[in-house]
Amino acid sequence: MTAIPLNTAKLIIGGNVFGWTLDEAASFRILDALFERGFRTLDTANIYSAWVPGNTGGESEHILGKWIKARGHREELVIITKVGMPVHGETGLDPAYIQRACEASLQRLNTSYVDVYLSHQEDTQTPIVKTLEAYQHLLEQQKVRSIGGSNYSFEGLKASVETAQAQGLTPYQVYQPQYNLYDREAFEKEFQPFCQTHQIQVIPYHGLASGFLTGKYRQASDADQSPRGQGIVDKYMNPRGQRILKALDHLATETQTTPAAVALAWLMVQPTIAAPIASVTKPRHIEDLSRAVDLHLTPAQLELLAEASKTETVKGLL
């Protein structure tokens, strides 16, 4: 089995902002600052950022590729990218499409290989064995070093592992779900024990709940701060969300850090978590990430966060 290059990463930089909220020049400045602070693992996808008017997908990979070529850092980086969501008129995990999409991502990224290649979402129309065979081919070509999935149903992830074992193929070694202090139940109920049993490394996205866990959104009027603000307020602005923010505020003061740093530090020490993903759009955000990496929460502090964030279902699991 191919070695998974995530063991030394404590935090992964989300690349969805490159070509979206950050243009090329701003992306280069942020990437340079991140590299200087020691962050070496970058997560992107071929769909980033097709949702922006005028974009078609691949913008993030293209910017990262130009930066990699300009700076010459490729061998020091871990690059994660994905395939499977609708982009450039194609979608799914058909073997022929996976091969084409991988070649296109490699070209945009200015690299001969990616370290981790993920199925961005489950494709129930393509037999999982065909998808795994396509990834096996890419592994043998040394165009990818490890494989994984994202946004799968539990049954789909389980089937992928069982099929790989039965067919003698490389199983998914990495899984990328949504998981944070607020969004716990869906992952912890089934995925977490399964990943632990099968030694699947987890790299969760939305580690800061789309910004809610930074403390940016504290009342309904704060929805105006972001294009996604109303959805964030509608989902998280409730007694449980407020309870979590109160605990984060308390520990941020106690540790002389920030709510964001505390939320990420909690995530980093959860079972199966290799490293959470966090996006950066401003230089001051990098300081939060550095604080999170250096922060070691005590058992009492971890328990405070666990209690504040529990749902009724999660209470029965802990």
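In what follows, the structure referred to is the one given above.
Small disclaimer: the values here were computed from a predicted structure and weren't measured.

1. A closer look at the sheet that holds strand E2 (residues 41-43)
Phase 1 of the analysis: Judged by pairing direction, the sheet is parallel, and its eight strands sit side by side in the order E7-E6-E5-E4-E3-E2-E1-E8 without closing on themselves. This sheet does not close on itself; its edge strands, each paired only once, are strand E7 (201-202) and strand E8 (277-279).
Phase 2 of the analysis: Inspection of the sheet shows strand E4 (residues 116-119) paired to strand E5 (residues 147-150) by three bridges, in the parallel sense. Residue pairing across strands places Leu 118 opposite Gly 148, the latter belonging to E5.

2. Focus on the packing of helix H1 (residues 24-36) against helix H10 (residues 283-294)
When two helices pack together, their arrangement is given by the angle between the helix axes and by the axis-to-axis distance.
Phase 1 of the analysis: At their nearest, the axes of H1 and H10 sit 10 Å apart, and the two run at 25° to each other. Relative to H10, the element H1 lies roughly parallel. Handedness of the H1/H10 crossing: right-handed. Facing Ile 30, Ala 33 and Leu 34 of H1, the residues of H10 in contact are Pro 283, Ile 286 and Leu 289.
Phase 2 of the analysis: Of the residues that constitute the contact of H1 with H10, the class distribution is six nonpolar, no polar and no charged.

3. Focus on the packing of aromatic side chains
Phase 1 of the analysis: Going through the model one piece at a time under the given rule, you end up with 13 aromatic pairs.
Phase 2 of the analysis: Ring geometry for Tyr 182 and Tyr 236: centres 4.7 Å apart, planes at 90°, overall edge-to-face. Placement of Tyr 182 in the loop between strand E6 (174-176) and helix H6 (185-197) and of Tyr 236 in helix H7 (residues 229-236) is noted, with a sequence separation of 54 residues between them. Here Tyr 182 and Tyr 236 have matching classes, each one buried.
Phase 3 of the analysis: With centroids separated by 5.2 Å and ring planes inclined at 20°, the aromatic side chains of Phe 212 and Tyr 236 adopt a geometry described as stacked. In this pair, Phe 212 is assigned in the loop between E7 and H7 and Tyr 236 in helix H7, connecting sequence segments 24 residues apart.

Procedures and definitions
- Residues numbered from 1 in each chain as written.
- Predicted model: local features only at pLDDT ≥ 70, side-chain atom pairs only at ≥ 80, totals over all residues.
- Heavy atoms only, no water.
- Pairing = 2+ DSSP bridges.
- Helix = DSSP H or I, 4+ residues; strand = E, 2+ residues; numbered from the N terminus.
- Axes fitted to C-alpha atoms, helices over the stretch in contact; angles between N-to-C directions.
- Parallel < 35°, antiparallel > 145°, perpendicular 65-115°, else oblique.
- Left-handed = near helix turned anticlockwise from the far one by under 90°.
- Contact = heavy atoms within 4.5 Å.
- Nonpolar A, V, L, I, M, F, W, Y, C, P; charged D, E, K, R; others polar.
- Phe/Tyr/Trp six-rings, centres within 6.5 Å; stacked < 30°, edge-to-face > 60°.
- Buried < 20%, exposed > 50% of the residue type's maximum accessible area, 1.4 Å probe, protein only.

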